[in-house]
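This is what each chain is made of:
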Amino acid sequence: MFESHAQQRLGWRDAAEARRARIRSERLAAQQLQAMLDANPSGSLGHARLDDGEALRRAGLLP
């Protein structure tokens, strides 16, 4: 009986830690999203490529 109560308390503690971790990760994700939107307010995220030759030529950075 005492063992089952101890196991139940461990389960409750694990669940509480998981809730805290989820809340932290959700807050971090919201902060990252806000930082991305602040950096690119047009909302056109996800279409950029590294070393895009065509974009570099249009910007006059490549011949």
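You'll find the structure just up there.
Residues numbered from 1 in each chain as written. Predicted model: local features only at pLDDT ≥ 70, side-chain atom pairs only at ≥ 80, totals over all residues. Heavy atoms only, no water.

Draft legend 1. Main features of the overall build of the chain. Of the regular secondary structure elements, the chain holds two helices and zero strands. Counting across all 63 residues of the chain, residues that qualify as buried make up 5%. (Helix = DSSP H or I, 4+ residues; strand = E, 2+ residues; numbered from the N terminus. Buried < 20%, exposed > 50% of the residue type's maximum accessible area, 1.4 Å probe, protein only.)

Draft legend 2. Region of the structure containing the pattern of salt bridges. Taken as a whole and assessed by the stated rule, the structure comprises one salt bridge. Notably, a salt bridge pairs Glu26 with Arg22, separated by 3.6 Å at the nearest N-O pair. Taken as a pair, Glu26 and Arg22 lie in helix α1 (residues 2-39) at a separation of four residues, close to a single helical turn. Glu26 gets classed as partly exposed once you look at its relative accessible area, which sits at 47%. The class of Arg22 is partly exposed, set by a relative accessible area of 44%. (Salt bridge = Lys/Arg side-chain N within 4 Å of Asp/Glu carboxyl O.)

Draft legend 3. View of a nonpolar patch on the surface. A contiguous nonpolar patch, built from Leu33, Met36 and Leu37 and spanning about 250 Å² of accessible area, is present on the exposed surface. Since its relative accessible area comes to 34%, Leu37 is described here as partly exposed. (Patch = residues over 30% accessible without salt bridge, like charges linked within 9 Å, V, L, I, M, F, W, Y side chains within 5 Å. Areas by Shrake-Rupley, 256 points an atom, 1.4 Å probe, with all protein chains shown as cover.)

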